[in-house]
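Descriptive structure summary
Here is how the chains run, residue by residue.
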Number of protein chains: 2
Amino acid sequence: MLETAELGHAITKAEFELAEPKLREALVNTQYDLLAGRRKAVVVLLSGVAAGGRGETAKQLAEWMDPRHLRVQAFGPRTPEQLAHPLPWRYWQALPPRGHVAVFMNAWYAEALQARVAGRIDDRGLDAWLHHIREYERMLAHENVLLLKFWIHLSKQAQRKRLAELDGNKDTRWRVTDGDWNRARRYAKSHPLWEHTLRETSTGEAPWYVVEGSDWRYRDLTVGSILLESLKHANQPPRGRKVAAAQPGPATAPAVIDNVKLIRDLDLGQTLDEATYERELERQQGRLARLTWHKRFAKRSLVLVFEGIDAAGKGGAIRRVTGALDPRQYEVVPVAAPTDEERAHPYLWRFWRQVPRLGGITIFDRSWYGRVLVERVEGFCSDSDWLRAYGEINAFETDLVEAGVVVCKFWLQISKAEQLARFRAREKVAFKRFKITEDDWRNRKRWPQYERAVADMVERTSTELAPWTLVEAEDKRFARVKVLRTIADRLESALES
Amino acid sequence: MLETAELGHAITKAEFELAEPKLREALVNTQYDLLAGRRKAVVVLLSGVAAGGRGETAKQLAEWMDPRHLRVQAFGPRTPEQLAHPLPWRYWQALPPRGHVAVFMNAWYAEALQARVAGRIDDRGLDAWLHHIREYERMLAHENVLLLKFWIHLSKQAQRKRLAELDGNKDTRWRVTDGDWNRARRYAKSHPLWEHTLRETSTGEAPWYVVEGSDWRYRDLTVGSILLESLKHANQPPRGRKVAAAQPGPATAPAVIDNVKLIRDLDLGQTLDEATYERELERQQGRLARLTWHKRFAKRSLVLVFEGIDAAGKGGAIRRVTGALDPRQYEVVPVAAPTDEERAHPYLWRFWRQVPRLGGITIFDRSWYGRVLVERVEGFCSDSDWLRAYGEINAFETDLVEAGVVVCKFWLQISKAEQLARFRAREKVAFKRFKITEDDWRNRKRWPQYERAVADMVERTSTELAPWTLVEAEDKRFARVKVLRTIADRLESALES
């Protein structure tokens, strides 16, 4: 892929001066269409060899376009805040909303390549990373993020010449670091690594554009033209059904037949008497409290996910958990309808924002699993949207676990009869947090659909790293103690390892 | 104020057990009313003497209320990210939206008192700080934030007893730090300081509640009851006009007669010929570029505010500024209608979020001055809202300047005839960023009202720390060079000092 970008592409000053004003006007106009239509968020990723001119290209784009709706973000060494969060966290934070353009300098590719060159990961580690990147970029593409990846390239000779030029001029000398020269010395060794990385990550959703950097007019005009064409395409209305049906991905639900057995076979008859409950509650709360004050917990964090049939007792279970915790440590996130800012981002974005830093605890009352539960059952998203969500969610949770987060997921189940009894009881109570809404009755009518969605969810997202715990919640005492004990067990084994 | 909280207030177990269930139910119900009505954001500030039990009270509140809509935040030593921002930044970030409750542990009072006790500020410094706090709290009160301030107090004897108890128990020993014992030793010396601070900051909008902490039942029940009454009050619909009129603050615009002269007397005939413009533009852009790469700029930052009559050329001026900058350094913030998240916070909140960290540059294309311009003229806020905004804005900008931010504010003025010519020209152009809207024509009709609002704004917010620069923008070249030169001059003198 790289050889064609080592030939010395160049265009003349006259050609540039002819093309540039048109490109500039078209770019700004298309940017305004993007802002008005808000169909896509656009990320221009600039990566490549040292001294290729990524910074200059970023500056050129910012000059050609309206800087009020374009943001350039460089990803350097990680700050302490970034180090206390999962690896992709800083990219999550930087993702622009629909209608906006962001230029990312280096970002995840530079990070992966540097890790490999420095020997922090081996070839297999790099491939695992690239695989992860591919999946992540595919998700972005599906979630209305247009990702344009440019590799600004130079031949070995051109790079040396360019570095020497910059280093020789007192106005530009500060831009050349020892790291640049070191990287240049490793050019021959790095070359196959670049080839490999580009080949492995050039996908239909996010292909690489390799642009030779030695002639700045050629470089900037090429990047600008590709950006323009892509923006125009992004501003088109979505393609009709006929075309959409031809897209990859299974079009119907997976043909699993009786996985609802998993839910139906739960032994909802399990109970705890009051005395046992009081004793066990105190014991498990004590364990949990001690574990969260453990020295090693400062290097870990905890994410709890509560999902369950309406009236299954999520709120009560959460309160027994928070009762064991220092309120400065945790945050409870109730998940309701998304805000307009959240709607302008991928569906996981609102949860990315809430991931705890090391030493912290986030408790989700409903979660990203809404995608494969309510959104699936109510038809709020397309089949292909919720079908791809399983893999996306597993990847997200893997990111969490790899950053030291202990992820516990609870599904609270009650019988249909018990739900009815609780609805009736709530209707009689003045206590406002227990008001029954029409939604609750409507969901109840869709019991079989939800049962099926839950079974698929558990089957496809109960991973070794982030397993589901099914909680028999017919007896509240039993459920609460099971939840607390599970968290304490998981945390204990994580802190011991 | 403190003596009454050194008497050993206590209530019996029986009294507590009678009152607690009722309080708990009422608190949760009122919290749900708050969430449904979204009239106010509620901040419960817990400050006080060491070992008074602030942490326990926070935990009790989190247990009594629904933890999903309540957040407890402790403010400890500042993180590097917080140190790179203005002093109040971390409090701005933590402010809950309307409908929600936040418990702030210590916060700004602990910070001010610690600075005084450690000798980092003298009595005058403390008073300046307290004055600033008072103004800030008043603004919050006007902006629908209910602030409840509790000082949890102990007599000297009670504090020593409590510390010894905690220190003697292996389960609680970790909660007692050397700092706590040091603070206890300074009890007598600190007492008048506490008295002074509480007296100076107990205002009508945000009075202090001093609660004795030696008996936990008394302490928590007292805090809970005050919180309940305040929440009930916060859930009431706003009071009628008759009552509102009796509130403090000037009810009508200030009686300044001919301050519009300031605007009308601008010499709009000033021009630059093309050759001079090209030379000066390059020169001033070069100065600005060098200044932003200056070593000392890493400890400063830059906030640029662009306001002006429609079609005065804000966008063009901004592009000449960004043309001189590295795009990784700056962010341009176009100010449009607020999002729902922004509407749920004080009007300054959306700007607080955009304050640059040290070494950064934020360019506001329209700004917080919308409050005293468009919101005033169009009647989007009440007279008392925009009248108090002048002082709030000055306080905000003072925070910025004290944190090392250089604040440059530009008002771009053109004549009414020139505006008409530019509107007409734009109507003929295909370039989409120059579309004329009905708003533009409507604003034009309100020219005298805007003229008056601008004159008041400049008069009341052109401070020594953050002065306005009026820019004669009839000639675009003249305006752009004046803007660039002003920024470079201001930055130069800031970096020299």
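For the structure itself, consult the block above.
Parameters at a glance
Residues numbered from 1 in each chain as written. Chains lettered and ligands numbered in written order. Predicted model: local features only at pLDDT ≥ 70, side-chain atom pairs only at ≥ 80, totals over all residues. Heavy atoms only, no water. Phe/Tyr/Trp six-rings, centres within 6.5 Å; stacked < 30°, edge-to-face > 60°. Helix = DSSP H or I, 4+ residues; strand = E, 2+ residues; numbered from the N terminus. Buried < 20%, exposed > 50% of the residue type's maximum accessible area, 1.4 Å probe, protein only. Least-squares fit on C-alpha atoms with pLDDT ≥ 70 in both. Contact = heavy atoms within 4.5 Å. Buried area = accessible area lost by both parts, 1.4 Å probe. Salt bridge = Lys/Arg side-chain N within 4 Å of Asp/Glu carboxyl O. Polar contact = N/O pair within 3.5 Å; in protein donor to acceptor, adjacent residues only side chain to side chain. Nonpolar A, V, L, I, M, F, W, Y, C, P; charged D, E, K, R; others polar. Pairing = 2+ DSSP bridges. Axes fitted to C-alpha atoms, helices over the stretch in contact; angles between N-to-C directions.

Attention shifts here to the packing of aromatic side chains. Residues and elements named next belong to chain B. For the structure on display, the rule yields 46 aromatic pairs over all chains. On the numbers, 5.1 Å between centres and 80° between planes, the contact of Phe-75 with Phe-104 is edge-to-face. Of this pair, Phe-75 sits in the loop between strand S2 (70-74) and helix H3 (80-83) while Phe-104 sits in strand S3 (residues 101-105), placing them 29 residues apart in sequence. Judged by its relative accessible area of 11%, Phe-75 falls in the buried class. Of the residues examined, Phe-104 reaches a relative accessible area of 0% and is grouped as buried.

When chain B is brought onto chain A, the operation consists of a screw motion whose angular component is 180° and whose axial shift is 0.0 Å, with 0.0 Å RMSD remaining. Seen this way, the second copy is the image of the first under a two-fold rotation axis. In this assembly, 100% of the residues forming the interface of chain B have copies in chain A that are likewise at the interface, indicating an isologous arrangement.

Residues and elements named next belong to chain B. Within the secondary structure, Asn-259 sits in the loop between helix H11 (241-245) and helix H12 (261-264). By relative accessible area, Asn-259 is classed as buried at 5%. Counting along the chain gives 109 residues from Asn-259 to Trp-368, while the straight-line C-alpha distance between them is 22 Å.

Contacts between the two partners involve 44 residues from chain B and, on the opposite side, 44 residues from chain A. For the pair chain B and chain A, the summed buried surface comes to about 4000 Å²; carbon and sulfur atoms form 56% of the total. Taken as a group, B:Arg68, B:Arg319 and B:Arg328 account for 16% of the area that chain B buries against chain A, more than any other trio of residues on that side. At the boundary of chain B with chain A, the tally comes to 6 salt bridges. For B:Arg68, the salt bridge is made with A:Asp365, and the minimal N-O distance between the two is 2.3 Å. Along the contact surface separating chain B from chain A lie 12 residue pairs in polar contact (both at pLDDT 80 or more). Listed by contribution, the elements that provide at least two residues to the side of chain B that touches chain A are helix H1 (13-37), helix H2 (54-64), S2, helix H14 (314-322), strand S7 (330-334) and helix H15 (340-343) of chain B. A breakdown of the residues in the side of chain B that touches chain A according to their chemical character gives 21 nonpolar, 6 polar and 17 charged.

All names here are of chain A. The 5 strands are arranged S7-S8-S6-S9-S10 in an open sheet whose pairing can be described as parallel. Of all strands in the sheet, those bounded by a partner on one side alone are strand S7 (330-334) and strand S10 (468-472). The average angle at which neighbouring strand axes cross in this sheet is 20°, direction not considered. Pairing analysis gives 8 bridges linking strand S6 (residues 301-308) to strand S9 (residues 405-413), with the strands arranged parallel. Opposite Leu-302, over in S9, you have Val-406 as the bridge partner. With respect to the sheet, helix H14 (residues 314-322) is in contact with S6, S7, strand S8 (361-365) and S9, its orientation differing from that of S6 by roughly 160°.

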